[in-house]
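An overview of the molecular structure
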Amino acid sequence: MSTQNIILLLDLMGIFAFALDGALTAIRTARVDIVGVMALGVVTAIGGGIIRDVLLGETPATFQDWRYLVTALAGGTLAFFLSSQLTHLSKPILLFDAAGLSLFAVIGATKALEFGFGPLQAVLLGVITGVGGGTIRDVLLNRIPTVLSANSHLYAIPAMLAAGIVVAADLAGFSAGWIAIVGALVCFGTRVLSLRYRWNAPSPPGAPPL
Amino acid sequence: MSTQNIILLLDLMGIFAFALDGALTAIRTARVDIVGVMALGVVTAIGGGIIRDVLLGETPATFQDWRYLVTALAGGTLAFFLSSQLTHLSKPILLFDAAGLSLFAVIGATKALEFGFGPLQAVLLGVITGVGGGTIRDVLLNRIPTVLSANSHLYAIPAMLAAGIVVAADLAGFSAGWIAIVGALVCFGTRVLSLRYRWNAPSPPGAPPL
Amino acid sequence: MSTQNIILLLDLMGIFAFALDGALTAIRTARVDIVGVMALGVVTAIGGGIIRDVLLGETPATFQDWRYLVTALAGGTLAFFLSSQLTHLSKPILLFDAAGLSLFAVIGATKALEFGFGPLQAVLLGVITGVGGGTIRDVLLNRIPTVLSANSHLYAIPAMLAAGIVVAADLAGFSAGWIAIVGALVCFGTRVLSLRYRWNAPSPPGAPPL
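Residues numbered from 1 in each chain as written. Chains lettered and ligands numbered in written order. Predicted model: local features only at pLDDT ≥ 70, side-chain atom pairs only at ≥ 80, totals over all residues. Heavy atoms only, no water.

Moving on, we come to the overall build of chain A. In terms of regular secondary structure, chain A is built from 8 helices and 0 strands. Seen in sequence order, chain A has helices and strands lined up from the N terminus as α-α-α-α-α-α-α-α. For chain A, the C-alpha radius of gyration of 17 Å lies close to 17 Å, the compact-globule estimate for 210 residues. Taken over the C-alpha atoms alone, chain A extends approximately 50 × 50 × 25 Å along its principal axes. Counting all 210 residues of chain A, 58% fall into the buried class. Restricting to contacts in chain A with at least 6 residues of sequence separation, those with at least 24 account for 77%. As displayed, chain A offers around 8300 Å² of accessible surface, 67% of which is attributable to carbon and sulfur atoms. (Helix = DSSP H or I, 4+ residues; strand = E, 2+ residues; numbered from the N terminus. Rg over C-alpha atoms; globule rule 2.2 N^0.38 Å. Buried < 20%, exposed > 50% of the residue type's maximum accessible area, 1.4 Å probe, protein only. Contact = heavy atoms within 4.5 Å. Areas by Shrake-Rupley, 256 points an atom, 1.4 Å probe, with all protein chains shown as cover.)

What follows is the structure in structure tokens.
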């Protein structure tokens, strides 16, 4: 399987995970109808990639290839019909979100390197791609975005690790598809461990304890 | 009148309607001064078109042709001075909003087809153009956007119908300006009927009734 | 010193001021960890410039030149460690914010003229560049943006003055770097005076007094 195809597959998996995440979050936190569920699923799924492609100066992947949008709509539809079965939604939402974050961080960094961005900027673009969709989701749902909140455990840091692995490997002369998979697994593992053991990043000196 | 001119005229009408809508909404729901009124009028009016043009990869129409901005400022100014006369603002706001939605949905879909986007993507871009300005308006006013809310009646669905008519006509080989007008009228009619008869899209299974 | 270098220096100063502003505002108004502080610093600092460059259709300066991002991170880091020393944060925040607003308004208008935008559009792009980063900051912190609020004193109007001076000078045939400095000083002075003497822009007729 070519690196190109591995990246496409990871991208579609990230879109599906984020679509489930966005749609289930919408159902859980707001009074939304089917349009709101689908819209939040799609926005969460394709938002990060759209920001990434606009910053890279190219037509967003979503508008070039119908598979992205169909995958996002499939995730939203599944969430709509399964929502009543899932009584405890918070755990699967967090796992889908972690998967989307991991996959998009490595894809964003990979694309930034392809476009000739410097290492620091490639890490930033990876993180933006990873956290972008969820941040738009939270802004639309009128909540402080997960990525900024002190008690949502490590979120941007795992994405930074993933993007950093891709960028460091590229600097060292590697750029195979399996490095993206390693980066995504490190991000996913770090995110899940930080949720499990309630790791938090340091707060500003003098801030009251959480 | 050429198709080009019909589209320009519809675009300016949509901008004027959304500028009135955004400015009156600002006056009604927040403590804003003249700058806030004008800014929300302009953002509501040109926001959808700017998102559309950024996604299409071209310089936004607003920055290429001064008539867009002047029309938006005229709508904001009119709203500022008329606001105290209009004691019951909610109905005209809803009608201006429906007009902007209708006109922008057909223009967004038309432009997407011109740029060679696929049918699914053209419908999506039409809907984004229609709901984009109002969504930015609601985010800035710290409210859950109309398009997502379960009790704001049909909103994205009429825009989808309008964009769908334009796309279907194009697939069937028609692309005249009057098809845009038909699409806009269908969207406007559906939106107004859904407000009048309180039609709502289905909510997720198991959600509490509205 | 060339006009090019003056503009770069002013841009980096604006980024540093907005990074301090965004990071201190985050610490003051929300429960954020170090990631939230840095992210809000960076977003406030580079948000206006990113919007500007996306609207101009070019790769955002942040991704072309690492000095922008490093300057923003330096501002965020400084704010993180100094925050507990600064017991009364509101005054320095307002001054940093005024400095960022002034510098970005003139840079945005200057760049718009370079790209051949008309005078009205150049003023608009200057204002968007000035208020953009702070508006994203406020949206992410779930507050009504400063620029829209009736009791935040003059904010967009000083930015309009600064951009207007740059555009008027250009129309009159001047385009030296010192005109940008004059524009920025007028904006900064007007903003500080409006805070000191509590100047407000007019509210809509019939609105209750502040």
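Moving on from the model shown.
Counting residues in hydrophobic clusters, the biggest one holds 195 residues, and the most contacted among them are Phe63(A) and Phe63(B). Those residues in contact with Phe63(A), other than ones at most four positions away along the chain, are Ile50(A), Leu55(B), Phe117(B), Gln121(B), Leu124(B), Leu125(B) and Ile128(B). (Core = buried A, V, L, I, M, F, W, Y, C linked by side-chain atoms within 4.5 Å.)

Within the secondary structure layout, Val32(A) lies in the loop between α1 (3-29) and α2 (34-56). Looking at Val32(A), the relative accessible area reads 5%, which means it is buried. Those residues in contact with Val32(A) that sit more than four places away from it in its chain are Ala26(A), Ile27(A), Val37(A), Leu148(B), Ala150(B), Ser203(B) and Pro204(B).

All right, on to the relation of the copies chain B and chain C then. Note on the identical chains: chain B maps onto chain C by a rotation of 120 degrees and an axial translation of 0.0 Å, with an RMSD of 0.0 Å. The relationship between the two copies is best expressed as a three-fold rotation axis. Taken together, the interface assignments show that only 10% of the residues at the interface of chain B recur at the interface of chain C, consistent with different surfaces on the two copies. (Least-squares fit on C-alpha atoms with pLDDT ≥ 70 in both.)

Residues and elements named next belong to chain B. Position of Asp138 relative to the elements: it lies in helix α6 (residues 119-140). Looking at Asp138, its side chain comes within polar contact range of the side chain of Arg137, at 3.0 Å. Ignoring sequence-local partners within four residues, the contact set of Asp138 consists of Arg143, Ile144, Pro145 and Thr146. (Polar contact = N/O pair within 3.5 Å; in protein donor to acceptor, adjacent residues only side chain to side chain.)

At an RMSD of 0.0 Å, chain A and chain B line up after a rotation of 120 degrees and a shift of 0.0 Å along the axis. A share of only 10% of the interface residues of chain A reappears at the interface of chain B, consistent with the copies meeting through non-equivalent patches.

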